[in-house]
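# Secondary and tertiary structure notes
Spelled out, the chains give:
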Amino acid sequence: MPLTVLTSACRLKPLCRLQRIQAHLMSSHVEPEVLLEKAGRAAVITMNRPKVLNALNLSMIRRIHPQLLKWESDPETDMVIIKAAGGKAFCAGGDIRAVTEAGKVGDSLAQDFFREEYMLNNSIGSYRKPYVAIIDGITMGGGVGLSVHGRFRVATEKTLFAMPETAIGLFPDVGGGYFLPRLRGKLGLFLALTGFRLKGRDVQRAGVATHFVESKKIPELEQRLVGLKSPSDSDVSRLLESFQAQSDLDSDKPFILDKHTSDIDRMFGSSSVEGILQNLKADGSDFARKQVEILSRMSPTSLKVTFRQLQAGAAMSLQDVLVMEYRLSQACMRGHDFYEGVRSVLIDKDQNPRWSPPSLDQVSDRFVDECFASLGEKDLRF
């Protein structure tokens, strides 16, 4: 082969490689973070960030909320189903890292995320058409907000529910101040303060989910839901109940907190967090000692704020609770413990947060009052 031809061929190789790379980039496409589709007369929302456990971010909220409102007034849409891709998580929470970074530098995301998330939560709570959340997998924080206020919440044996916010210097938001105190007895307060995890059928037994259906039956359930013609709430309810009746997995096991229910009501029935700790220490049982150990690791400020949040929220509408929680979210953005909690649990993962103040007796009532104070013009408005 002549040298000139060989040289030309060598020069072309990088060019060909570059062209192949460009062609690949043009042919490949980035998967959308949330899928919004119609299946017959049903609308289907699918969280589609499985690699990050479908964590909810602001761009997802901004896609879901306006479409949800359109479907509500669309005569061609009878119901909404919300589910998730990946098989591991429905939604493990909000995109806390992004909010943390924004809060540190005073970026507007620290306001926008909570404001728009809570407005979406309110729309779900007041939705006029059947709203079915299939919480098949991890459901925490922001994922609870996307599901718990809807009329139907279907848990499976893979469901893992928790509101673990006191461990990161936050509080159980997304309307936690509304639904948690409405669970039986002091169960909601116990879940809020300790971040206790409920699994599978226990999510329904606690009242967080409305139905339990085995995970393998979910594809058929979705098909049957989509096939309903102009369904009323009672039509959807009947179908869910029929699938629940076919799901006997773990039905013979008692609720995990059954033997502790009366103890929880008694020990968490105090008028303060300090009183709860006194009750637990005086009880001295293995269960009580475990709760003391757990509470001692939580942000003292978060514990006091959460206690007050649930006390107040028990007598409020969902809208009023969300206004209150927006004020609390911004207090957390101004404070110390949220950033320290995220550092300790999610970034450095040393599980050794340095809370400030470091103890309950140093968190004054005045400081807690300030967390609940009106933001004036910046308050959340519906």
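Right above here is the structure, for reference.
For clarity, every value in this text was computed on a predicted model and none was experimentally measured.

### Describing helix H14 (residues 300–313)
- Taking 1.5 Å as the rise per residue, H14 with 14 residues should run 20 Å; its terminal C-alpha atoms sit 20 Å apart, in good agreement.
- Burial of H14 is extensive: 11 of the 14 residues sit out of reach of the surface.

### Considering the pairing of strand S7 (residues 152–155)
- What you see with S7 is no split at all: Phe 152 and Val 154 on one side and Arg 153 and Ala 155 on the other are buried throughout.
- Relative to S7, strand S5 (residues 131–135) runs parallel, the two sharing four bridges. Along S7, the bridge assignment pairs Ala 133 with Arg 153.
- Bridging between S7 and strand S10 (residues 211–212) involves two bridges; their strand directions are parallel. Paired with Ala 155 across the bridge in S10 is Phe 212.

### Considering the nonpolar core
- Within the largest apolar cluster, 90 residues are counted, with the highest numbers of intra-cluster contacts made by Leu 146, Phe 161, Phe 268, Leu 280 and Phe 338.
- Per element, the largest residue contribution to this core is nine residues, and it comes from helix H15 (residues 318–334).
- Apart from the residues lying within four places of it in its own chain, the contact partners of Leu 146 are Met 47, Leu 56, Ile 82, Phe 90, Cys 91, Leu 120, Asn 121, Ile 124 and Tyr 131.
- With 15 residues, the next largest nonpolar core counts Met 79, Ile 218, Leu 240 and Phe 243 among its residues.

### Let's talk about the packing of helix H4 (residues 109–125) against H15
- Relative orientation of the contacting elements H4 and H15 amounts to 165 degrees, with a least axis distance of 10 Å. Considered as vectors, H4 and H15 are oriented roughly antiparallel to each other. With respect to the hand of their crossing, H4 and H15 are arranged in right-handed fashion. Along its contact with H4, which presents Ala 110, Gln 111, Phe 114, Arg 115, Tyr 118, Asn 121, Asn 122 and Gly 125, the element H15 presents Leu 318, Gln 319, Leu 322, Glu 325, Tyr 326, Ser 329, Gln 330 and Met 333.

What counts, and where the lines are drawn
- Residues numbered from 1 in each chain as written.
- Predicted model: local features only at pLDDT ≥ 70, side-chain atom pairs only at ≥ 80, totals over all residues.
- Heavy atoms only, no water.
- Helix = DSSP H or I, 4+ residues; strand = E, 2+ residues; numbered from the N terminus.
- Expected span 1.5 Å × (residues − 1).
- Buried < 20%, exposed > 50% of the residue type's maximum accessible area, 1.4 Å probe, protein only.
- Pairing = 2+ DSSP bridges.
- Core = buried A, V, L, I, M, F, W, Y, C linked by side-chain atoms within 4.5 Å.
- Contact = heavy atoms within 4.5 Å.
- Axes fitted to C-alpha atoms, helices over the stretch in contact; angles between N-to-C directions.
- Parallel < 35°, antiparallel > 145°, perpendicular 65-115°, else oblique.
- Left-handed = near helix turned anticlockwise from the far one by under 90°.

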